[in-house]
Amino acid sequence: MDEKLLSIDSAVNELIKKAKEDGVETIFDRKENMKPCPMGEKGICCRICAMGPCRITPKTPRGLCGATADVIVSRNFARMVAGGAAAHSDHGRDIAHVLHMTSKDGNYKVTDEEKLKELAKRWKIETEGRDIYDIAHEVAEFALNEFGKPFGTLEFPPSLPEQRKKVWENLNIVPRAIDREVVTIMHSTHVGCTADADSMLNISMRTAISDGWGGSYIATELSDILFGTPIPRETEANLGVLEENQVNIVLHGHEPSLSEMIVLAAEDPELIELAKEVGADGINLAGMCCTANEVTMRHGVKIAGNFAQQELAVLTGAVEAVIVDVQCIFPALASLAECYHTKFITTSPKARITGATHIEFDEEKALESAKQIVREAILNFKNRKKEKVFIPKTKSHAMVGYSTKAIINQLDKVVNSHIDKPGTVKPLADCITSGVLRGAAGIVGCNNPKVKHDYGHVEMIKELIKNDVIVVTTGCAAQAAAKAGLLSKDARKLAGKGLATVCELVDIPPVLHMGSCVDISRILELVGLVAKQLNVDISELPVVGAAPEWMSEKAVSIGTYVVSSGIDTWLGVAPPVTGGPRVLEILTSEMENMVGAKFFVEPDPIKAAHQMIEKIEQKRKVLEEKFENIKAVAQA
Ligand code: SF4
Ligand code: SF4
């Protein structure tokens, strides 16, 4: 294993070297030893019933039940979508429960009243003269019903263009209740149900839409109401944010209901005093994965790293505790933590891990519970072994906190109040139609050891901004960008002239950090608003998406709802569908006729960026012609 080839991040490579010296294994070693099953890679093995497992070969072109390769591949794909949608949506449901728990004197409060009232109005909940917490509880109940209401379809946000809804209606993929869509997939993929790849993919699209425009959307909206809508702020990123003389706590996972309370607990004077008593200068919080995105967007908490770095944080020997909740947590952390003094603390009954210290986070006594967890971390400082400590020096400056509202506020800087109203996305739409910005790209998703760590994210983003494509980013891609310095305003010097000028005038970096994975709903909102501003469908905009290093089922759901929303999406890693010719045909070709967008698979991020730019230019041409025709008709 040549560690230089594993990551473009020097902190990662330095710590991989340390892992060798310390005699411990990381994901990079496990990847080296793992030989993926070629059947699994193509998606052509099935173990849905006990007549199997079945696998498709030239000699056995059907499973025992008669399922063809396409049936098996489409079912496996659908189950990935269901897994991803379930993870995001259950996150959204939990946040709705937390909103339902809010009270004036409780740990959880309403922070963004304006957003709460907006949402209440949208859902026809009375706001006039009512106590804010009564409104919050009713909004929470409404949100909770979206998961399991027996009749009707999902309540869409006003940013969804009518044209897009029509596309979904025509295909019969308008989601009903969020949980229902996940259950329907589990039902339809049972032995002896759906045996038609086209139908299976339609069901998958409907479920994915219920994630992006439903579960994830609810998670983001309600998190903003509870913990505040992000505004631009400064932070730093990479493992160099860990401090030699402080109690280092890494927050890892997803749900802000835990991390927000840990942030509060770490500010508690008694606990800061306790940290000093054990010999530290204070408490240093650092985030990992999407929890990092949540707390940095709202508090500027520093970012320790992304998905592939979670073990490396422990390897620094300077982390007193890794506190986790749900999703994307390596079970390997349990045995790794044993080799260091680090406490690996699980907090959610949904994600218990053998070998971890489990301290269940009690939302009813949230702050007290968070304090107990932080106390454990502090008391562990005295167990730190100085000789094992190595913190790489690497860290970069980053601007974070670009919620849709924050972006609109920035755009207001260039609104001529004699001509236009503030508070809209019109300046962004104008920049796109005039061609100053050629288009926009959403770069999202994970790390995957099948590809060089962070390389795909960083190179793709650089290529796009160089060509005047503004980039918005979330998830672990956002952290790769932060570590590479692409989220700083300084990165304007890497942008093409048009984009650099826009960034200068609007006072933004060329790459906007829009949050965590559920916050991809913010990207949908922004794109939807621009489409509405121009009175076109999302699929007509020069907008593209990419997940250069994706790995999770959540990413499959995301990719599917992004494409279903009309945005062409590039994947840097092939999904396990190559064994199903019909499935491949639909995903990479026919979806374009259905929803106006499709999947592309291109492992080379520079090549992919050029394909994306080409697509943007194609869409621009069609859009320009459309606008010309409209003008001609208006003048006639
Ligand atoms: S569902 Fe069909 S293909 Fe799958 S394991 Fe059972 S018999 Fe085999
Ligand atoms: S981007 Fe991928 S790895 Fe990172 S937190 Fe989200 S799902 Fe997990």
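Please read all numbers here as calculations on a predicted model, not as lab measurements.

Caption draft 1: Layout of the overall build of the protein. Counting its regular elements, the protein contains 24 helices and 16 strands. In terms of overall size, the protein behaves like a compact globule, its C-alpha atoms giving a radius of gyration of 24 Å where 636 residues would be expected to give roughly 26 Å. Projecting the C-alpha coordinates of the protein onto the three principal axes gives extents of approximately 80 × 75 × 50 Å. Put simply, the protein has 636 residues, and 61% of those count as buried. Within the structure as shown, the protein displays about 24600 Å² of accessible surface, and the carbon and sulfur contribution to it stands at 52%. Computed over 73 positive and 86 negative side-chain charges, the inter-centroid distance for the protein is 3 Å.

Caption draft 2: Local environment of the nonpolar core. The biggest cluster of nonpolar side chains holds 176 residues, and the ones touching the most others in it are V139, L222, I443 and L464. It is helix α4 (residues 69-101) that contributes the most residues to this core, 14 residues altogether. In this structure V139 touches L99, L116, L119, A120, W123, I125 and L222, once residues within four positions along its chain are discounted. Of all hydrophobic cores here, the second largest spans 39 residues; its members include V241, A308, L315 and F330.

Caption draft 3: A look at the site of ligand 2. Around ligand 2 sit H254, C289, C290, F307, C328, G445, C446, C476, C517, M551, S552 and K554, and that is every residue in its neighbourhood. Classifying every residue of the shell around ligand 2 by side-chain character gives 8 nonpolar, 3 polar and 1 charged. Mapped onto the domain boundaries, the shell around ligand 2 takes at least three residues apiece from domain 2 (239-388) and domain 3 (404-630).

Caption draft 4: Examining the site of ligand 1 more closely. Taken together, the residues surrounding ligand 1 are C46, I48, C49, M51, G52, C54, G63, L64, C65, I72, R75 and V191. Classifying every residue of the shell around ligand 1 by side-chain character gives 9 nonpolar, 2 polar and 1 charged.

Caption draft 5: Highlighting the pattern of salt bridges. According to the stated counting rule, one finds 44 salt bridges in the structure shown. In this structure, R384 and E320 form a salt bridge, with 2.8 Å as the shortest nitrogen-oxygen distance. Residue R384 is found in the loop between α15 (366-379) and β10 (396-400), and its partner E320 is found in the loop between α13 (310-315) and β7 (321-324); the two are separated by 64 residues along the sequence. Accessibility expressed as a relative area gives 13% for R384, which makes it buried. Owing to a relative accessible area of 0%, E320 belongs among the buried residues under this scheme. The residue K615 makes a salt bridge to D568 at a minimum N-O spacing of 3.9 Å. Highlighted residues: K615 in helix α24 (residues 605-635) and D568 in strand β15 (residues 568-571), separated in sequence by 47 residues. Among the charged side chains, a network of salt bridges with common partners joins K115, R122, E221, D224, E294, R298, D519 and R522.

Caption draft 6: Seen up close, the environment of H254. With respect to the element layout, H254 can be found in the loop between β4 (247-252) and α10 (256-266). In sequence terms H254 and T291 are 37 residues apart; their C-alpha atoms lie 4.5 Å from each other. Beyond its immediate sequence surroundings of up to four residues, H254 is in contact with H91, C290, T291, E294, D325, V326, Q327, C328 and K554. Here V326 takes part through its backbone oxygen, which lies 3.1 Å from a polar atom of the side chain of H254. At 3.3 Å, the side chain of H254 and the backbone oxygen of Q327 are in polar contact.

Caption draft 7: Layout of the UniProt feature "coiled-coil region" (unreviewed entry) in the protein. Using the residue numbers shown here, the UniProt feature "coiled-coil region" (unreviewed entry) corresponds to residues 606-633. Structurally, residues 606-633 comprises 100% helix and 0% strand, and the distance from its first C-alpha atom to its last is 41 Å.

Caption draft 8: Quick peek at the sheet that holds strand β14 (residues 543-547). Reading across the sheet, the 6 strands line up as β13-β12-β11-β14-β15-β16 and stay open at both edges, with parallel pairing between neighbours. Each edge of the sheet is formed by a strand with only one pairing partner; in this case those strands are β13 (511-515) and β16 (599-601). For this sheet, the mean angle separating the axes of adjacent strands, direction not counted, is 25°. Relative to β16, β15 runs parallel, the two being bridged by 3 bridges. What sits directly across from L571, in β16, is V601. The sheet contacts of α24 involve β11 (439-443), β12 (469-474), β14, β15 and β16, and relative to β15 the element is tilted by about 175°.

Caption draft 9: Structural context of the packing of helix α9 (residues 197-227) against helix α22 (residues 553-564). At a closest axis distance of 8 Å, the pairing of α9 and α22 adopts a crossing angle of 95°. Taken together, the axes of α9 and α22 are roughly perpendicular relative to one another. The segment α9 lies against α22, with S204, M205, A208, I209, D211 and G212 engaging S557, T560, Y561 and S564.

Caption draft 10: Representation of the UniProt feature "binding site: [Ni-4Fe-4S] cluster" (unreviewed entry) in the protein within the structure. With numbering matched to this structure, UniProt assigns "binding site: [Ni-4Fe-4S] cluster" (unreviewed entry) to H254, C290, C328, C446, C476 and C517. Across 264 residues in sequence, these annotated residues keep their C-alpha atoms within 13.3 Å of one another, forming a single compact spot. Along the chain, C476 turns up in helix α19 (residues 475-483). C476 sits in the buried class, given a relative accessible area of 6%. Beyond its immediate chain neighbours, meaning those up to four positions away, C476 contacts C289, N293, N306, F307, G445, C446, N447 and H457.

Caption draft 11: Quick look at the environment of R130. The residue R130 is located in the loop between α5 (113-122) and α6 (132-148) in this model. What makes R130 partly exposed here is its relative accessible area of 29%. Between the C-alpha atom of R130 and that of L312, which follows or precedes it by 182 residues, the distance is 50 Å. For R130, the residues in contact, after removing those within four places along its chain, are I125, I135 and E138. A polar atom in the side chain of R130 sits 3.0 Å from the backbone oxygen of E126.

Caption draft 12: Looking closely at the domain arrangement of the protein. Taken domain by domain, the protein holds domain 1 (68-227), domain 2 (239-388) and domain 3 (404-630). Summarising the inter-unit geometry, the C-alpha centres of domain 1 and domain 2 are found 30 Å apart. Facing the 14 residues of domain 1 at the interface are 16 residues of domain 2. Carbon and sulfur atoms make up 53% of the surface buried where domain 1 meets domain 2, a total of about 1300 Å² over both sides. Counting the contacts that link domain 1 with domain 2 gives 3 salt bridges. On inspection of domain 1 and its partner domain 2, the count reaches 7 residue pairs in polar contact (both at pLDDT 80 or more). Elements that contribute at least two residues to the side of domain 1 that touches domain 2 include exactly α4 and α9.

How each quantity is defined
Residues numbered from 1 in each chain as written. Chains lettered and ligands numbered in written order. Predicted model: local features only at pLDDT ≥ 70, side-chain atom pairs only at ≥ 80, totals over all residues. Heavy atoms only, no water. Helix = DSSP H or I, 4+ residues; strand = E, 2+ residues; numbered from the N terminus. Rg over C-alpha atoms; globule rule 2.2 N^0.38 Å. Buried < 20%, exposed > 50% of the residue type's maximum accessible area, 1.4 Å probe, protein only. Areas by Shrake-Rupley, 256 points an atom, 1.4 Å probe, with all protein chains shown as cover. Lys, Arg positive; Asp, Glu negative; His and termini not counted. Charge placed at Lys NZ, Arg CZ, Asp CG, Glu CD. Core = buried A, V, L, I, M, F, W, Y, C linked by side-chain atoms within 4.5 Å. Contact = heavy atoms within 4.5 Å. Near = heavy atom within 4 Å. Nonpolar A, V, L, I, M, F, W, Y, C, P; charged D, E, K, R; others polar. Domains from an automatic or database assignment. Salt bridge = Lys/Arg side-chain N within 4 Å of Asp/Glu carboxyl O. Polar contact = N/O pair within 3.5 Å; in protein donor to acceptor, adjacent residues only side chain to side chain. UniProt positions renumbered as here; feature names shortened; annotations may be inferred. Pairing = 2+ DSSP bridges. Axes fitted to C-alpha atoms, helices over the stretch in contact; angles between N-to-C directions. Parallel < 35°, antiparallel > 145°, perpendicular 65-115°, else oblique. Buried area = accessible area lost by both parts, 1.4 Å probe.

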